[in-house]
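Below are the chains, spelled out letter by letter.
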Amino acid sequence: MRANGRLSLLVLTLCTAAVFAQDTPEPGSAEEISRATTEPQFLSPWVASIPASASVPSPRAFLKRIPGAAGELVDSATAYGYARALAAASPRVEVFTIGRSEEGRDIVLLAIADEAGIQSLAQLKKDTAALADPRTTDSAAAEQIVARARPIYYFNAALHSDETGSTESVLELAYRLAVSEQPMIQRIRQNLVVLINPVSNPDGRDKMVEWFYRYLKGKTDRSTLPRMSPPYWSKYAFVDINRDAHQLVHESTRAVSRMFFDWHPTVVHDLHESVALLMSWNGSGPYNPNIDPITFTEFQALSFHEVQTLTSFGMPGVSTWNFGEAFAHLYLDSVAMNHNSIGRGYETFGNGTAETLQWQLSPDQTSREWYRVQPPPSTPFRWSARDNVNYNETGALAALDLAATQSKMLLRSFYRKGFNSWRKGVDEPPYAFAIAEDQGDPMRVAQLIARLQSQHIEVHRANAAFTVKEGAFGSGTYLVRLDQPYRNYAVDLLSPQDFPKNGGEPYDDVSWELPAHYHVDAVAIADPAIKSVGVTPLAEPPQPRGKVTGNGPTFVLKDSGQEGLLEARYRLAKFKIEIAEHAFQVGETEYPAGSWLLPAQSGLGAALQDLTTHLALDFDSIASTPEVARHAAKAPRLGVWVPWADTDSIGWLRHTLDARNVPYSYVRDEDIRAGNLHAKYDVLLYGHVDLELAEQIHGLPKAWGPMPFKKTKQTPSHGTPASSDDITGGIGWEGLAQIQKFVESGGVLVTLGSGSMLALEGGLVRGVRRDSGGVPRSAGSGGAESAQAAVESATRTPGAHVRVSFAQPDHPIAYGYPAHTYVFRQNYPLYAVPRRWLRMAFCTTCLDGPSDPGGVVMQWGDTDSDQPFLISGQVWGESNLIGRPAILDMAVGHGRVVSFNFNPLHRDLNRGDQRLLWNALLNWEAILARRPDGDPL
Ligand SMILES: [Zn+2]
């Protein structure tokens, strides 16, 4: 097999020899690549050697090894050093800095084209920008621009830090594109501008490279490898760094977004590693209805061309289609999908480590399918970092080859998609979305508007009050007119999603509707009269201001659902604040429960002025404190526990707290084990983690330990944002006992999402039974068919907005919300309403006693209304969810456990849900005092 493979490579090389005649291989490079490639069939003639250049340093000369050499990884400084050396030596390469990471590392971009292209980059950028806006570029002008313009093709490497091969691949690709004189590559240089971001997340790259040399180098036995990734890839993010398209929180995404609107690339191509041997994304459907269908035909064409090219080289295991659904476009490449370009990506086969490993793939990875006609080997094989580079680079060259030969078509389609999007807004209802500025929390409305603007969606304000068929709107109402090139994305962000019920299992969230995330009304306006409403473009993000009325001495703040109240509480940390437990009236004004009462205190007036500018809060002056039941609301000493085993979702949580200047202690597993928690924290917050119960308790296997994550001479990037002498072992039973002690002695434990498993199933709280979610515990007598039916009807809310109602509308967690509202929910375990133990002899161990719904604060669904359960996205098996607890507040000893069956801090998106959590933090003392009788069990 090996000999045959060599023979076929030889034949192939001979067949294509004419194409490669111009390049002289750098001496020794072909031999080195051949040695690093484990099977001849894992190599293509396009990358079988490195072309020699008299003037430009090759990556092999620079690194003193070939890219993808076993046992070596390039860090960000070295990769950038090479990028700069390449640009300094080649007139076909230019280097730019497009961002700076959270930890202060540059994010660098290479541009590669022929000399003429590099000299006219400014003009080429102007051309694509002109094609992006059909309002100022008519079809005739567009055709003239297309004649001289070039598609810009962008490659993104190393977003996911343990997918290590892409940086190695693109450094060699950059050099090859710069120096090779093969006709195919000349054509790519002449017809395209190729952009390469070799290390899009440099913080993570450096942490990973150091991790490799510290823990993985030299280890080639997969069965005994330790954890293959550091616990952090950057200040906040891990895998979810690739779920940031709509919100643009992480610097890696922000840099790519800035690049996008600077260059208007036709293609954004993101390089990942999770499928053998190369999977070119085009999604299995359903496809998003708000993206121009041209995009989907384009990305299929590119994918099939790659499959065809690599398969014709005899490279096995190249496929497309069977990955993700392409309904949600919330990933890094989605900046292109959502803005009339093409977003795409690869999953190649990465080892994680740079060492060569032995693999035996499962039958489902090696079956012959229409989308995988030449499957990967079904017998054991060795796979090297160079094999991965060979596939990555050959695929990239195939994509560039197609883009270069079809460059004019790609540009015309890019223009056409912007044109179609704009014309839809002109010709079809809705013509605009109207968003009133006064919706209880002007700051949250402003934040939604700012988020639209950050996506280059244009927003206007109405110059005067107006009335259309849909209703009357005040002066200053925000209007998102849809006669703009990014109309499709505006519609996608502002409308409910409708994921098809028969659309299969989605890959990630199925709803990202911003009005639902922000609890803000955005009214779709189909009345054409909206077109004649006078508007002013909004150039900057809106900055609403609040006001302080009067000079005190006592002030009152009306709770109208403001999200900024937690930040306000900490900004006013030194002042006494009380919160009303019932509605009250002062003069003509009604103040609902949750409103703040601020007794006379020196310096208060000035401090409140500060809040009006930062948080748009209104404070009214009153002569004396009204008679209403109220409680003191001291800002809690907040601890945020981040288990070493999963830092991802809690990274978003930390970002949200940091963005609001909320002080908290970062609590590690070892800090929990050390105990004495109640002396340090009033509230311990444990966010959503993607871990089962045993992993939540015991963390990373102790067998790997001790595993330090700390700054040393050899690992200077480790130890941030937190440091450890040993990240293995979790909190253990001892830590769980310390949490129990914390709660029993009067602490408040707040758990979110799957973090609630620890409280409800780990034994901190008794009486709450986990339910199987409609899936029977065993197939039983019904046989396979009924088991399958049960699975299909199993409850799933995979990132959807669904209705909830408060079982205790007077609970402090309900402040600022109507009794019936909605929240965002991903898939979490289902829990039953708490039950008491049945004190009967025949059933001392079961939980079939009478239900004790006293702990249920909020429940799923709204049984008082006939409104559909679903707000946006899709749900399955909801009948088994409705009526179950969504938020529990359970007394344990002197303390409380407040458990959310959803994540109110999901990726900085569902800002309308955040107040629920803020309420628990603001009113922690009142919650403790609420049922002084203690343990109800
Ligand atoms: Zn990835």
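As the structure is a prediction and not an experimental result, all values here were calculated from the model.

### With respect to the sheet that holds strand β4 (residues 193–197)
Reasoning step 1: Spatially, the 8 strands line up as an open sheet ordered β1-β2-β4-β3-β5-β8-β6-β7, and their pairing is mixed. Of all the strands in the sheet, the pair left with one neighbour each is β1 (93–100) and β7 (318–320). With strand direction ignored, the average angle separating the axes of adjacent strands in the sheet is 20 degrees.
Reasoning step 2: With respect to the sheet, helix α11 (residues 251–263) is in contact with β1, β2 (106–112), β3 (152–156), β4 and β5 (267–273), its orientation differing from that of β1 by roughly 130 degrees.

### Some words on the pattern of salt bridges
Reasoning step 1: Enumeration over the complete set of coordinates arrives at 56 salt bridges.
Reasoning step 2: In this structure, R176 and E393 form a salt bridge, with 2.6 Å as the shortest nitrogen-oxygen distance. On the criterion of sequence distance, the pair formed by R176 in helix α8 (residues 165–179) and E393 in helix α15 (residues 385–405) is long-range, its members being 217 residues apart. Both residues of the pair, R176 and E393, count as buried.
Reasoning step 3: Close ionic contact of R907 with D509 constitutes a salt bridge, the shortest N to O distance being 3.3 Å. Here R907, found in the loop between β37 (895–900) and α29 (914–922), pairs with D509, found in the loop between α18 (487–494) and α19 (514–518); they are 398 residues apart in sequence, far enough to count as distant.
Reasoning step 4: Judged by its relative accessible area of 7%, R907 is buried.
Reasoning step 5: A relative accessible area of 3% means that D509 is categorised as buried.
Reasoning step 6: If you follow the salt bridges from partner to partner, you end up with E103, R105, D203, D206 and K207 in one network.

### Quick notes on the coordination of the zinc ion
Reasoning step 1: Around the zinc ion, the protein contributes the donor atoms H160 (ND1), E163 (OE), E163 (OE) and H272 (ND1), at 2.1 to 2.3 Å from the metal centre.
Reasoning step 2: Classification of the site at the zinc ion rests on its 4 donor atoms, whose angles at the metal span 57 to 149 degrees, yielding the label irregular.
Reasoning step 3: Going along the chain, you hit the donors of the zinc ion in the pattern H-x2-E-x108-H. Pair noted here: E163 is in the loop between β3 and α8 and H272 is in strand β5, with a separation of 109 residues, a long-range link. Per residue, the accessibility class of E163 equals that of H272, and both read buried.

### What about the pairing of strand β19 (residues 554–557)?
Reasoning step 1: Alternating residues of β19 divide into T554 and V556 and F555 and L557, and every residue in both groups is buried.
Reasoning step 2: Across 3 bridges, the pairing between β19 and strand β24 (residues 619–622) is antiparallel. Residue pairing across strands places V556 opposite D620, the latter belonging to β24.
Reasoning step 3: Here β19 pairs with strand β23 (residues 596–598) via 3 bridges, running antiparallel. Each bridged residue has a counterpart across the sheet, and for V556 the counterpart in β23 is L597.

### Digging into the sheet that holds strand β15 (residues 478–481)
Neighbouring strands of a sheet are bound in pairs by backbone hydrogen bonds; such pairs are parallel or else antiparallel.
Reasoning step 1: Strand order in the open sheet formed by 5 strands is β16-β11-β15-β12-β17, with antiparallel pairing between adjacent strands. Looking at which strands have only one partner, the edges of the open sheet turn out to be β16 (523–525) and β17 (535–537). Put simply, the sheet's adjacent strands are angled 35 degrees from each other on average, direction ignored.

What counts, and at which threshold
Residues numbered from 1 in each chain as written. Predicted model: local features only at pLDDT ≥ 70, side-chain atom pairs only at ≥ 80, totals over all residues. Heavy atoms only, no water. Pairing = 2+ DSSP bridges. Helix = DSSP H or I, 4+ residues; strand = E, 2+ residues; numbered from the N terminus. Axes fitted to C-alpha atoms, helices over the stretch in contact; angles between N-to-C directions. Contact = heavy atoms within 4.5 Å. Salt bridge = Lys/Arg side-chain N within 4 Å of Asp/Glu carboxyl O. Buried < 20%, exposed > 50% of the residue type's maximum accessible area, 1.4 Å probe, protein only. Donors = N, O, S within 2.8 Å, 3.2 Å for Na, K, Ca; no water. Tetrahedral: all angles 85-135°; square planar, octahedral: opposite > 155°, others 65-115°.

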